[in-house]
Amino acid sequence: MYNPKSLKAEEFICHEEVLDTLAYAEENKNNVALIDQIIAKAKLRKGLDHREASVLLACEIPEKINALYALAHQIKLDFYGNRIVMFAPLYLSNYCVNGCVYCPYHHQNKHIPRIKLTQEQIRNEVIALQDMGHKRLAIEAGEDPVNNPIEYILESIKTIYSIQHKNGAIRRVNVNIAATTVENYRKLKEAGIGTYILFQETYHKESYEKLHPTGPKHNYAYHTEAMDRAMEGGIDDVGLGVLFGLELYKYEFAALLMHAEHLEAVHGVGPHTISVPRIKRADDIDPNVFDNGIDDETFAKICALIRVCVPYTGMIISTRESQQVREKVLPLGVSQISGASRTSVGGYCEEVRPHESEQFDVSDSRTLDEVVRWLMEGGYIPSFCTACYREGRTGDRFMSLCKTGQIQNCCHPNALLTLKEYLMDYASDETRAVGEALIAKEIHNIPNEKAKAICEAHLGSIADGKRDFRF
Ligand code: SAM
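None of the values given here were measured: they were computed from a predicted structure.

## Side note on the packing of helix α4 (residues 50–58) against helix α12 (residues 249–267)
Phase 1: The contact between α4 and α12 brings their axes to 9 Å, and the two run at 155°. What the angle tells us is that α4 and α12 run roughly antiparallel. Note on packing geometry: the crossing formed by α4 with α12 is right-handed. Contacts from H50, A53, S54, L57 and A58 in α4 reach Y249, K250, F253, A254, L257, M258 and E261 in α12.
Phase 2: Taken together, the residues of the contact of α4 with α12 sort by class into eight nonpolar, two polar and two charged.

Printed below as a string of structure tokens:
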């Protein structure tokens, strides 16, 4: 029985409700009056529910899809401006006891080296990341209670935050580790993590169990209810995601929104971010064996719909996507991207990108400097900001910043200040020139005169060697 307020996975992601939703969407995909009504509701910028969203996903009328893209673009500009937050993943360990059939770290894979970074190696990786200019990391580890216990993750977070290197420091560590207990989530919260990210992979229970045949991750309910435990443990920024390609995308999309509605209904705050990974080639993984791959057009439609359905939720695109696909979806509502990622354990310290222990092939292998310049040339402001989390603006406090429209007086200057730091400390001459021109232009887009004056003063101080200002 469907109940968004229930704490039971099979009630808040109710299989029958998803099927009914898909049938309703199919019936109405050419119902122009209903579609117009849904688009009109979306224009109010208060989001759409999973049923409404599924009708738009099923709809193939070009004119309506164009209207959806235009609206996604407008909502992105209104809520996030032209800022794109930058981050990088950091793989700590690929030891894993699970049997996920799409992931090369599955425990039966005997021909990849298993590596667990020591604290000294983590330090070296972080310094390499800081030397590129990164300030925000997402740490990744396989699930292995013996090799990667929570104590190892906590110690690693402590190490990462403790490293001051030249002008740099990692200011926000997001965590992507397997579902765990309330007690462990509390420990992660106390360690000062930003977002806790856990991809559902698939919401379809039967498929989920087949795709995760062995190991603790096999337990669908434990995995699906993880975000409730994380919130109970005090983490109020959580990141959802589906691994597209495993199951029918329409099913996943409806269920993903139901998950977001559930978090809102129970905890009063929806997901902080949604990620949209697609399956990629990896060591012993051939993405073509999964029947449900989605093409770039469908992928773009999903991105646009997420922006319209959950306007306050950030959207993350990783280097699984190529420069070309990234260019296609950035204007549709993406708020965060990774740059210069290495998806292998210990990869950042290597001269040449190592492939041996990679979790997946990256499609965008440009340097951070190249990604930053490309963003700016495309009219975006790359932001290395971590201020909200450090000012305690998480969960509903962050949402209220969005909802009151204060983002432009807060996030916009913070983006310019952190970009300025990046340009001074890490950028090539060419990128710096592009960036300085961008800052000179964008400073005028801070609406509040006082905030603008403070921002200008801080930019001058950064040029004089001072660091770490924030609104
Ligand atoms: N072991 C943790 C877990 O299971 O949540 C860590 C997360 S893992 C490093 C990050 C994500 O990468 C997984 O949740 C999965 O969605 C994705 N992933 C795994 N194999 C992949 C592949 N072949 N292509 C693309 N993404 C993949």
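Next comes the rest of the description.
## Comments concerning unusual backbone geometry
Phase 1: For K166, which is not glycine, the phi dihedral falls at a positive 50°.
Phase 2: By the secondary structure assignment, K166 is in the loop between β3 (164–165) and β4 (168–169).
Phase 3: Positive phi values are uncommon outside glycine, yet D468 reaches one of about 65°.
Phase 4: Considering the arrangement of structural elements, one finds D468 in the segment after α20 (449–463).

## Regarding the site of the ligand
Phase 1: The environment of the ligand is formed by 19 residues, the closest being Y102, E201, K217, K280 and R320.
Phase 2: Contact between the ligand and A141: a nitrogen atom at 3.0 Å from a main-chain N or O atom of the residue.
Phase 3: At 2.5 Å, a side-chain N or O of E201 approaches an oxygen atom of the ligand.
Phase 4: Taken together, the residues of the shell around the ligand break down into 10 nonpolar, three polar and six charged.

## Here's the deal with the pattern of salt bridges
Phase 1: Per the stated rule, a full pass over the model turns up 31 salt bridges.
Phase 2: E209 is the salt-bridge partner of K205, the closest N and O atoms lying 3.4 Å from each other. One end of the pair is K205 and the other is E209, both in helix α9 (residues 205–211) and four residues apart, which spans about a single turn.
Phase 3: Of the residues examined, K205 reaches a relative accessible area of 30% and is grouped as partly exposed.
Phase 4: Assessed through its relative accessible area of 28%, E209 is described here as partly exposed.
Phase 5: Between D296 and R278 there is a salt bridge, and its shortest N-O distance comes to 2.9 Å.

## Quick look at the nonpolar core
Note on soluble globular proteins: their nonpolar side chains tend to be buried together.
Phase 1: Among the nonpolar cores identified, the biggest contains 153 residues, and L188, Y196 and I337 are the most heavily contacted of them.
Phase 2: If we skip the residues at most four places from it in the chain, I337 touches I84, V85, M86, F87, I317, R326, L330, V371, W374 and L375.

## Observations concerning the pairing of strand β1 (residues 83–93)
Phase 1: Of all 11 residues making up β1, 11 are buried, and the element is well covered by its neighbours.
Phase 2: Of the pairings in the sheet, the one linking β1 to strand β11 (residues 381–383) comprises three bridges and is parallel in character. What sits directly across from R83, in β11, is I381.
Phase 3: Pairing between β1 and strand β10 (residues 336–338): three bridges, direction parallel. Bridge pairing in β10 links F87 to S338.
Phase 4: As paired strands, β1 and strand β2 (residues 136–141) are joined by five bridges and run parallel to one another. Note that in β2 the partner of A88 across the bridge is L137.
Phase 5: Following the chain from β1 across helix α6 (residues 119–132) to the adjacent parallel β2, one finds a crossover that is right-handed.

## Comments concerning the packing of aromatic side chains
Phase 1: One pass over the full model with this rule turns up six aromatic pairs.
Phase 2: Aromatic side chains Y91 and Y105 sit 6.3 Å apart centroid to centroid with 85° between the ring planes, which places their arrangement in the edge-to-face category. With Y91 in strand β1 and Y105 in the loop between β1 and α6, this residue pair connects regions lying 14 residues apart in the sequence.
Phase 3: We classify Y91 as buried; its relative accessible area is 4%.
Phase 4: Ring plane angle 35° and centroid distance 6.0 Å describe the contact between Y422 and Y426, whose orientation is recorded as tilted.
Phase 5: Residue classification places Y422 among the buried residues on the basis of a relative accessible area of 2%.
Phase 6: For Y426, a relative accessible area of 18% translates into the label buried.
Phase 7: Here the aromatic cluster, defined as three or more aromatic residues joined through ring pairs, consists of F384, Y422 and Y426.
Phase 8: Across the ring face of Y152, the terminal group of K116 is positioned such that the distance to the ring centre comes to 4.4 Å.
Phase 9: The side chain of R229 reaches across the aromatic face of Y222, ending 3.7 Å from its centre.

Here is what the cut-offs are and how they apply
- Residues numbered from 1 in each chain as written.
- Predicted model: local features only at pLDDT ≥ 70, side-chain atom pairs only at ≥ 80, totals over all residues.
- Heavy atoms only, no water.
- Axes fitted to C-alpha atoms, helices over the stretch in contact; angles between N-to-C directions.
- Helix = DSSP H or I, 4+ residues; strand = E, 2+ residues; numbered from the N terminus.
- Parallel < 35°, antiparallel > 145°, perpendicular 65-115°, else oblique.
- Left-handed = near helix turned anticlockwise from the far one by under 90°.
- Contact = heavy atoms within 4.5 Å.
- Nonpolar A, V, L, I, M, F, W, Y, C, P; charged D, E, K, R; others polar.
- Near = heavy atom within 4 Å.
- Polar contact = N/O pair within 3.5 Å; in protein donor to acceptor, adjacent residues only side chain to side chain.
- Salt bridge = Lys/Arg side-chain N within 4 Å of Asp/Glu carboxyl O.
- Buried < 20%, exposed > 50% of the residue type's maximum accessible area, 1.4 Å probe, protein only.
- Core = buried A, V, L, I, M, F, W, Y, C linked by side-chain atoms within 4.5 Å.
- Pairing = 2+ DSSP bridges.
- Right-handed = clockwise from strand over helix to strand, strands pointing away.
- Phe/Tyr/Trp six-rings, centres within 6.5 Å; stacked < 30°, edge-to-face > 60°.
- Lys NZ or Arg CZ within 6 Å of the ring centre and 35° of its normal.

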